[in-house]
Amino acid sequence: MAHIQSRPNWLISEAEVTPEDAFINRRSILCGFGLGALSVAATAGAPSFARAAGDPTADLYPAKRNGSYVIDRDLTPEEINETYNNFYEFGSHKQIWKAAQNLVIRPWDIEVGGLIEEPFTIGFDDLVRKLPLEERLYRHRCVEAWSMTIPWTGFSLASLVAFAKPLSSAKFVRFETFLDPEMAPGQKQVWYPWPYVEGVTMAEAANDLAFMVTGAYGKPLAKQFGAPIRLALPWKYGFKSIKSIRKITFTDEQPKSFWEQILPEEYGFWANVNPGVPHPRWRQDQEKVLHTGTYVQTQMFNGYSEQVAHLYKGLEKEPLYR
Ligand code: MTE
């Protein structure tokens with residue numbers, strides 16, 4: 001880590017943060033320490049994003065809710081969710097929503113390539129009309145031990161995979177975010193391996209739960225959520241759910257994700273939620289429900305065991321839970 005000039009707060013351990021620091025350093029407060037301050041801090045001056053107006057895909061929302069994906073928790077209010085985000089391209093703290101409004105989301109071409117029949121580039125507005133949109137209520141669990149419940153709109157990753165026509169030699173899907181340090185000043189921070197990269201196995205990509213998100217709360221996606229298109233993998237820690245995807249590559253090599261490149265001893269490829277395996281800086285048996293401030297027990301695979309546990313049979317030797 002010798003190249004790190006000034007450590008981002010992601011790298012600051014909870015043990016290093018004294019209560020006094022937490023009081024004066026809002027960045028630490030908002031990074032999983034002293035979240036009690038959240039309801040005041042995060043909603044003060046909360047924006048109202050009139051994003052349906054003028055969006056070329058506005059007519060697609062709200063999409064019909066798929067009743068197979070409802071859950072036993074209240075939804076996180078939109079104004080909490082849209083003012084508390086991780087999007088390091090726009091800053092290493094939680095209140096990036098204002099800075100993220102600089103994200104230019106049109107035109108937005110997505111390059112699809114690697115081990116597929118014929119590599120292609122497609123405009124987001126084209127793609128979103130080719131695949132069936134639906135709304136799903138999903139849990140969202142960050143490795144920092146906070147959680148939300150979100151009404152996402154999008155299409156299954158499986159439908160995108162079918163559309164891309166991968167070859168049988170493809171073993172993984174690799175996703176990459178945009179790279180534009182002028183637009184996203186976080187990308188000027190040289191200790192990060194930009195652009196943000198994530199990946200899943202083909203079996204994970206084929207699982208029903210893997211969801212390409214284009215909207216939330218019945219509207220096109222707000223910029224801070226990772227507009228115009230991001231991933232949602234609700235059984236994994238939130239960092240796997242890459243935002244603002246520009247490039248999708250089918251490959252036979254396991255992708256090395258952004259956080260794995262930075263801290264491989266803490267963040268791996270699999271990152272499945274497991275309450276029994278603590279992270280070095282956050283216990284994982286409980287999570288703070290952001291909008292209530294209460295703690296609840298974290299569930300295996302974030303409550304999605306039935307849908308995904310079978311994916312990991314025979315892989316027990318892999319570091320499945322970080
Ligand atoms: N994608 C990009 N491109 N950049 C990021 O910094 N942060 C990740 C993930 N996807 C991130 C990203 C992390 S750490 C989390 S917890 C979730 O996005 C946060 O999503 P949210 O802001 O919608 O809650």
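Thresholds applied
- Residues numbered from 1 in each chain as written.
- Predicted model: local features only at pLDDT ≥ 70, side-chain atom pairs only at ≥ 80, totals over all residues.
- Heavy atoms only, no water.
- Helix = DSSP H or I, 4+ residues; strand = E, 2+ residues; numbered from the N terminus.
- Buried < 20%, exposed > 50% of the residue type's maximum accessible area, 1.4 Å probe, protein only.
- Contact = heavy atoms within 4.5 Å.
- Areas by Shrake-Rupley, 256 points an atom, 1.4 Å probe, with all protein chains shown as cover.
- Salt bridge = Lys/Arg side-chain N within 4 Å of Asp/Glu carboxyl O.
- Near = heavy atom within 4 Å.
- Polar contact = N/O pair within 3.5 Å; in protein donor to acceptor, adjacent residues only side chain to side chain.
- 1 Å grid on protein atoms, 1.4 Å probe; cavity = no way out; pocket = protein on both sides within 12 Å on 5 of 7 lines; lining within 4 Å.
- Sits in = over half its atoms within 2 Å of the grid points.
- Nonpolar A, V, L, I, M, F, W, Y, C, P; charged D, E, K, R; others polar.
- Pairing = 2+ DSSP bridges.
- Axes fitted to C-alpha atoms, helices over the stretch in contact; angles between N-to-C directions.
- Points joined across faces, edges and corners; volume = space filled by probe spheres on them.

To continue, consider the overall build of the chain. Secondary structure assignment for the chain yields nine helices and 12 strands. For the chain, buried positions account for 57% of its 322 residues. Across the chain, every contact between residues at least 6 apart in sequence was considered, and the portion connecting residues at least 24 apart equals 73%. Of the roughly 13,500 Å² of accessible surface on the chain, a fraction of 53% belongs to carbon and sulfur atoms.

Charged atoms that come close allow side chains of opposite charge to pair. Per the counting criterion, the structure on display carries 16 salt bridges. In this structure, the salt-bridge partner of glutamate 287 is arginine 73, at a minimum N-O distance of 3.0 Å. Remark: arginine 73 occurs in the loop between helix 3 (38–43) and helix 4 (78–81) and glutamate 287 occurs in strand 11 (residues 286–289); sequence separation between them is 214 residues. Judged by relative accessible area, glutamate 287 falls into the buried class, the value being 1%. Note that aspartate 285 and arginine 283 form a salt bridge whose closest N and O atoms lie 2.8 Å from each other. The partly exposed category is assigned to aspartate 285, whose relative accessible area is 25%.

Another point: the site of the ligand. Around the ligand sit 17 residues, and of these Tyr88, Glu89, His140, Arg230 and Lys243 come closest. Between threonine 177 and the ligand, the recorded distance is 3.1 Å, taken from a side-chain N or O atom to a nitrogen atom. Against a free-state accessible area of 530 Å², the protein chains account for coverage of 100% of the ligand. With respect to the detected pockets, the ligand is housed in the largest cavity. When its residues are assigned to classes, the shell around the ligand shows eight nonpolar, six polar and three charged.

Further remarks concern the environment of tyrosine 237. Note on placement: tyrosine 237 falls in the loop between strand 9 (230–232) and strand 10 (245–251). For tyrosine 237, a relative accessible area of 1% translates into the label buried. Counting along the chain gives 64 residues from tyrosine 237 to phenylalanine 301, while the straight-line C-alpha distance between them is 9.2 Å. Sequence-distant contacts of tyrosine 237, that is, excluding residues within four places in its chain, are made with Arg141, Cys142, Val143, Ala271, Asn272, Val273, Asn274, Gln284 and Tyr321.

The buried fraction of strand 4 (residues 146–156) amounts to 11 of the 11 residues, a majority that puts the element mostly inside the structure. Linking strand 3 (residues 134–141) back to strand 4 in an antiparallel pair, the connection comprises four residues, with alanine 145 at a positive phi of about 70°. Here two bridges tie strand 4 to strand 11, and the two strands are oriented parallel to one another. Looking across to strand 11, one finds that serine 147 is bridged to valine 289. The sheet contact formed by strand 4 and strand 7 (residues 211–216) spans five bridges and is antiparallel. Bridge pairing links threonine 153 to glycine 215 in strand 7.

Once that is clear, we can look at helix 6 (residues 157–164). Along helix 6, the residues classified as buried are Leu157, Ser159, Leu160, Val161 and Ala164. The first or second residue beyond helix 6 is lysine 165, which carries a positive phi of 55°.

Among the structural elements, alanine 63 can be located in the loop between helix 3 and helix 4. Linking alanine 63 and leucine 133, residues 70 residues apart in sequence, is a C-alpha distance of 6.2 Å.

What follows covers the pairing of strand 2 (residues 120–123). Where strand 1 (residues 109–114) lies against strand 2, four bridges are found, and the strand directions are antiparallel. Looking across to strand 2, one finds that isoleucine 110 is bridged to isoleucine 122. As consecutive antiparallel partners, strand 1 and strand 2 are separated by five residues.

Taken together, five strands build an open sheet; the order of strands is 2-1-10-5-6 and the sheet is mixed. For this open sheet the edge positions go to strand 2 and strand 6 (197–201), each flanked by a neighbour on one side alone. Taking the axes of each pair of neighbouring strands and ignoring which way they run, one obtains an average angle of 20° across the sheet.

Per the counting criterion, the structure on display carries four cavities of 30 Å³ or more. Estimates place the volume of the largest cavity at around 290 Å³. Residue lining of the largest cavity: 24 residues in total, with Asn86, Arg230, Gly238, Ser241 and Lys243 positioned closest to the centre. Looking at the lining of the largest cavity element by element, the count peaks at four residues for strand 4.

Attention now moves to unusual backbone geometry. In this structure, proline 195 follows tryptophan 194 across a cis peptide bond, with omega equal to -5°. Among the structural elements, proline 195 can be located in the loop between strand 5 (172–177) and strand 6. A cis amide bond, omega -5°, links alanine 227 with the succeeding residue proline 228. Here proline 228 is to be found in the loop between strand 8 (219–220) and strand 9.

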